[in-house]
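Listed below, chain by chain, are the residues.
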Amino acid sequence: MFGFIKRLFQSKENNEGRTLSHPCDLRQGDFVKFQFLPQPEVCGNLFEVNKVNTYRYDGVEYPEMILKDGKGNIIFMMIEEEDGEEYIGLSKKVPTAMIRNIIPQTSLDSILQEGTGLRLQISQKPEGFEPWLANSYTETDEYRGIFSKGDGRSGQKGADEHFKSHHLTDPSDEYALEIEVYGTGEIELSTTVYHDINVIDEILPGSLEEQS
């Protein structure tokens, strides 16, 4: 906690010469604050951009910002656009041991094998994930992508990891489940909530000392 506060004060004192005009400008070490939201970990909270990783779909790279607050809560954020409208996707990664508590094995097998259009009913919402989950989803898309550790915007990326993604959305298009299956057989599940980009209350550059 102390280190988080120290870095925040350093940023306020030393950020002359660098300004942020859009959340897409956020880099590692910067800060972002949210307005009041239904997700308690995010609601009115201040986060530091702890790391930035890169996803690539159809040759286009998208930064994934890993946000961490002073209590150690970790949230993932991506800036997205559809039909000229910008919005943010805030996600929580589901621990591997908990995936089948949300998606039973038989349902997971069906999603991975049957393709788009499959419907999923959420019968239980584990503690801490209630505000991040809708009651039902439909698989709307399948696509292949590449994940790399590091920020591709600065040319600092690790090895490419190929995966296939199964994207499920709720009827309101405000919630999503993202199932990523990697070549190693590893499965990752993320619960995502979409918000208007204006729920970001403030963006603050990190200290020049840390940016150098």
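This write-up is about the structure you can find in this document. For clarity, every value in this text was computed on a predicted model and none was experimentally measured.

### Quick notes on the side chain of K92
- With respect to the secondary-structure elements, K92 resides in strand β5 (residues 85-94).
- You can call K92 buried: its relative accessible area is 14%.
- Only 2.8 Å separates the side chain of K92 from the side chain of E41, close enough to count as a polar contact.
- With residues up to four places along the chain from it excluded, the contact list for K92 reads E41, I75, G128, F129, W132, L189, S190 and T191.

### A few points about the pairing of strand β9 (residues 175-182)
- For β9, the buried fraction is high: seven of the eight residues fall into the buried class.
- Pairing of strand β8 (residues 161-169) with β9, which is carried by seven bridges, proceeds in the antiparallel orientation. Across the sheet, residue L168 finds its bridge partner in β9, namely L177.
- Counted along the chain from β8 to the antiparallel partner β9, the turn is five residues long, and its residue D173 has a positive phi close to 60 degrees.
- As paired elements, β9 and strand β10 (residues 187-196) share seven bridges and run antiparallel to each other. What sits directly across from V181, in β10, is I187.
- Between the antiparallel neighbours β9 and β10 lie four residues, among them G185 with a positive phi of about 95 degrees.

### Some thoughts on the packing of aromatic side chains
- Scanning the entire structure with this criterion turns up nine aromatic pairs.
- Seen in terms of ring centroids, Y87 and Y194 are 5.5 Å apart; in terms of plane orientation they differ by 85 degrees. Their pairing is edge-to-face. Here the residue Y87 occupies a position in strand β5, and Y194 occupies one in strand β10, the gap between them amounting to 107 residues. The residues Y87 and Y194 share a single accessibility class, namely buried.
- A network of ring pairs unites the aromatic residues Y55, Y57, Y62, Y143, F147, F163 and Y182 as a single cluster.

### Quick word on a negative patch on the surface
- Residues E81, E82, D83, E85, E86, D173, E174 and D196 make up a contiguous surface patch of negative charge.
- Counting residues per element, the ones that place at least two in the negative patch are β4 (74-82) and β5.
- Mapped onto the fold, E86 is located in strand β5.
- Accessibility expressed as a relative area gives 31% for E86, which makes it partly exposed.

Thresholds, definitions, all that
- Residues numbered from 1 in each chain as written.
- Predicted model: local features only at pLDDT ≥ 70, side-chain atom pairs only at ≥ 80, totals over all residues.
- Heavy atoms only, no water.
- Helix = DSSP H or I, 4+ residues; strand = E, 2+ residues; numbered from the N terminus.
- Buried < 20%, exposed > 50% of the residue type's maximum accessible area, 1.4 Å probe, protein only.
- Polar contact = N/O pair within 3.5 Å; in protein donor to acceptor, adjacent residues only side chain to side chain.
- Contact = heavy atoms within 4.5 Å.
- Pairing = 2+ DSSP bridges.
- Phe/Tyr/Trp six-rings, centres within 6.5 Å; stacked < 30°, edge-to-face > 60°.
- Patch = residues over 30% accessible without salt bridge, like charges linked within 9 Å, V, L, I, M, F, W, Y side chains within 5 Å.
- Areas by Shrake-Rupley, 256 points an atom, 1.4 Å probe, with all protein chains shown as cover.
- Salt bridge = Lys/Arg side-chain N within 4 Å of Asp/Glu carboxyl O.
- Lys, Arg positive; Asp, Glu negative; His and termini not counted.
- Charge placed at Lys NZ, Arg CZ, Asp CG, Glu CD.

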